[in-house]
Amino acid sequence: MSDRDNSKGVGSNAMWGGRFADGPSSIMREINASIPFDKALWPQDIAASKAHVTMLGAQGIVSAEDTQAILGGLDAVAAEFAANGVPEDWDLEDIHMTTESRLAELIGPAAGRLHTARSRNDQVATDFRLWVRDAIDQVDAGLAAQQKALVTRAGEHAASIMPGFTHLQTAQPVTLGHHLMAYYEMIQRDRSRFADARARLNRSPLGSAALAGTGFAIDREMTAQALGFDSPTDNSLDAVSDRDFALDYLMAAAQCSLHLSRLAEEFIIWASQPFGFATLPDTLSTGSSIMPQKKNPDAAELVRGHSGRIVGCLTALMVTMKGLPLAYSKDMQDDKPPVFEAAGLLALSIAAMTGMVADTNFRTDRMREAAELGYATATDLADWLVREADIPFREAHHITGAAVKLAEEQGVALDQLALADLQAIDSRVDERVYSALSVEASVAARTSHGGTAPVQVRIRVAEARNALGME
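Predicted model, so just to flag it, every value in this text is computed and none were measured. (Residues numbered from 1 in each chain as written. Predicted model: local features only at pLDDT ≥ 70, side-chain atom pairs only at ≥ 80, totals over all residues. Heavy atoms only, no water.)

1. Thoughts on the overall build of the protein chain
The following threshold applies: For the purposes of this entry, the term helix denotes a DSSP run of H or I that reaches at least four residues, the term strand denotes a run of E that reaches at least two, and both are numbered from the N terminus. Each radius of gyration reported is based on C-alpha atoms, and the globular scaling rule is 2.2 Å times the count of residues to the power 0.38. Partly exposed residues are those whose accessible area sits between 20% and 50% of the maximum for their type, while under 20% is buried and over 50% is exposed, using a 1.4 Å probe and protein chains only. Contacts are assigned to residue pairs that have any heavy atoms within 4.5 Å of one another. Under the convention used here, a 1.4 Å probe and the Shrake-Rupley method define accessible areas, while residue burial counts only the protein chains that appear.
Within the protein chain, the secondary structure is distributed over 19 helices and 6 strands. A compact globule built from 471 residues would reach a C-alpha radius of gyration of about 23 Å, whereas the protein chain, at 31 Å, exceeds it by more than 25%. Taken along the three principal axes of its C-alpha coordinates, the protein chain extends 100 × 50 × 45 Å. Expressed as a percentage of its 471 residues, the buried residues of the protein chain come to 50%. Long-range pairs, those at least 24 residues apart, make up 75% of the contacts in the protein chain between residues at least 6 apart in sequence. For the protein chain, the accessible area works out to roughly 21,000 Å², and carbon and sulfur atoms hold 53% of it.

Okay, structure coming up:
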């Protein structure tokens with residue numbers, strides 16, 4: 001797409017006007033054409049064109065007769081595209097010329113009035129903003145569905161005990177519900193980032209023309225309102241050359257994909273035989289061509305892999321934009337493929353992980369057994385010594401380390417050590433300590449706001465259900 005705007009016929013050379021005597025070479029034709037990918041913009045191109053010509057008619061720039069002819073023709077073009085797809089004529093370069101050419105075939109010379117007071121520069125900037133805005137709305141709906149799945153399963157497992165890890169080493173007991181709600185919080189931040197991006201992009205470039213605005217008495221407020229924008233943009237140079245909205249979308253998508261990748265990795269680990277915490281749904285797993293016992297977490301692994309591609313899409317567009325002077329440059333034609341690719345990958349990843357969360361069978365018995373290993377309640381012993389024996393934490397930490405060493409030597413859990421053995425380490429320990437050493441006692445004690453205690457998890461789940469409209 002570029003700022004070559006004269007539209008006196010249906011062929012590429014005629015569209016460019018009399019400046020070009022010869023048609024493009026085959027190399028130029030191929031490198032210049034964007035229709036193979038920007039055809040995805042056809043609904044937005046039709047909508048923006050209808051808003052534009054309606055405004056031209058209202059301003060008396062285009063006659064009422066031609067306005068109605070153009071509107072009717074655009075509806076007919078839209079019906080054809082919806083039914084048969086968008087034809088790929090590389091001589092027409094892009095979706096804008098493709099639409100206008102077909103419009104001319106349907107209604108004749110009146111079609112040439114559609115491009116009055118606009119350029120392909122503000123046309124594509126408008127169409128692309130509309131597409132990204134639609135993509136944000138779609139991803140938000142997908143993330144809301146994922147949150148509902150997380151909240152539902154968290155409510156089921158508010159008291160299901162599992163090991164919490166740091167460095168992938170057993171740290172302290174937590175509940176599965178608490179663990180799942182951590183991802184609810186991540187997705188909530190993702191939704192807020194997409195919402196912020198949507199708010200910033202929601203200004204209309206239409207009417208900025210090639211770069212300097214137009215001398216026609218257009219009404220930019222009217223077209224902005226018709227397309228659901230909050231207002232028109234305030235600087236025509238910036239409006240046609242801005243792709244911040246696409247980068248904002250990709251930044252939010254990249255961050256979201258990292259969260260999805262982390263969640264996918266959890267399920268991959270949990271489903272492995274050494275862990276055995278989960279049995280993944282058959283619908284999101286595959287078998288092996290040689291090992292009949294295998295059930296591979298391929299969907300989760302692909303989500304993990306897609307995150308790298310989405311981050312790559314962000315990097316690609318950032319590098320494309322980094323050195324461009326104002327206003328439009330042809331490099332910017334390459335803005336759409338990374339956004340389209342990322343949007344497709346992200347939608348698949350969200351759907352896959354939503355299904356994974358909803359349909360996985362959690363082996364809570366194995367989780368609880370694992371929580372009892374690795375002396376996960378050691379911190380609880382130290383906390384008890386601080387709270388009940390008035391011992392400074394650093395000293396309590398040392399005492400607890402000695403108790404863990406003794407338990408390791410005896411091959412028992414902390415709550416299975418004899419009281420005499422514990423008192424041999426420190427005489428201030430008494431029988432009340434056992435009330436703090438079970439995994440159930442450990443999670444129940446974590447009642448601080450946002451803690452893993454089942455009572456806290458249920459509060460967070462109820463709040464989330466209310467926020468999601470699940471009640």
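Additional details are given in the paragraphs that follow.
2. So, the packing of aromatic side chains
The cut-off we apply is this: Pairing of aromatic rings covers Phe, Tyr and Trp, the last counted by its six-membered ring, and requires centre-to-centre distances within 6.5 Å; plane angles under 30 degrees mean stacked, over 60 mean edge-to-face, and any other angle means tilted.
Under the criterion given, the structure shown has 10 aromatic pairs. Both rings, one in Phe 267 and one in Trp 270, keep their centres 5.5 Å apart while their planes meet at 50°; by these two values the pair is tilted. Taken together, the residues span about one helical turn, with Phe 267 and Trp 270 both in helix α11 (residues 244-271) at a distance of 3 residues. Per residue, the accessibility class of Phe 267 equals that of Trp 270, and both read buried. Both rings, one in Phe 267 and one in Phe 362, keep their centres 6.1 Å apart while their planes meet at 50°; by these two values the pair is tilted.

3. Here's the deal with the confidence of the model for the protein chain
Basically, it comes down to this: Each residue carries a pLDDT score, the predictor's own confidence in it, on a scale running from 0 to 100.
With 93% of its residues at a pLDDT of 70 or more, the protein chain has an overall mean of 91. When the criterion is pLDDT under 50, residues 1-12 qualifies, and its contacts beyond four places in sequence or with other chains add up to 45 contacts.

4. Overview of unusual backbone geometry
For the peptide bond that leads from Leu 326 to Ala 327, omega is 5°, which places it in the cis range. One can find Ala 327 in the loop between α12 (298-321) and α13 (336-359). In this model, Ala 117 sits at a positive phi of 65°, which is unusual for a non-glycine residue. Structurally, Ala 117 is set in the loop between α6 (95-107) and α7 (120-156). Taking relative accessible area as the criterion, Ala 117 reaches 8% and is therefore assigned buried.

5. Considerations on the pattern of salt bridges
Keep this limit in mind: The rule for a salt bridge is simple: a side-chain nitrogen of Lys or Arg has to be within 4 Å of a carboxyl oxygen of Asp or Glu.
Under the definition given, this model contains 30 salt bridges. Here Arg 29 ties to Asp 91 by a salt bridge, and the two come within 3.0 Å at their closest N and O atoms. Note that Arg 29 is positioned in helix α2 (residues 26-32) and Asp 91 in the loop between α5 (64-84) and α6, a separation of 62 residues in sequence. Using a relative accessible area of 34% as the deciding quantity, one classes Arg 29 as partly exposed. Accessibility expressed as a relative area gives 35% for Asp 91, which makes it partly exposed. The salt bridge involving Arg 129 is made with Asp 242; its shortest N-O contact spans 2.6 Å. One end of the pair, Arg 129, is in helix α7; the other, Asp 242, is in the loop between α10 (236-241) and α11, and 113 residues separate them in sequence. Taken as a pair, Arg 129 and Asp 242 share a single burial class, namely buried. Members of the salt-bridge network, linked through shared partners, are Arg 387, Glu 388, Asp 430 and Arg 432.

6. Notes on the side chain of Gln 44
Where we set the bar: Residues adjacent in sequence count toward polar contacts only when both atoms are side-chain atoms; beyond that, a polar contact is any pair of N or O atoms within 3.5 Å, and within protein one must be able to donate a hydrogen and the other to accept it.
In this structure, Gln 44 sits in helix α4 (residues 42-58). Residue Gln 44 is classed as buried on the basis of its relative accessible area, which comes to 7%. Engagement of the side chain of Gln 44 in a polar contact is seen with the side chain of Asp 134, the distance being 2.9 Å. Apart from residues lying up to four places away in sequence, Gln 44 is in contact with Asp 127, Leu 130, Trp 131 and Asp 134.

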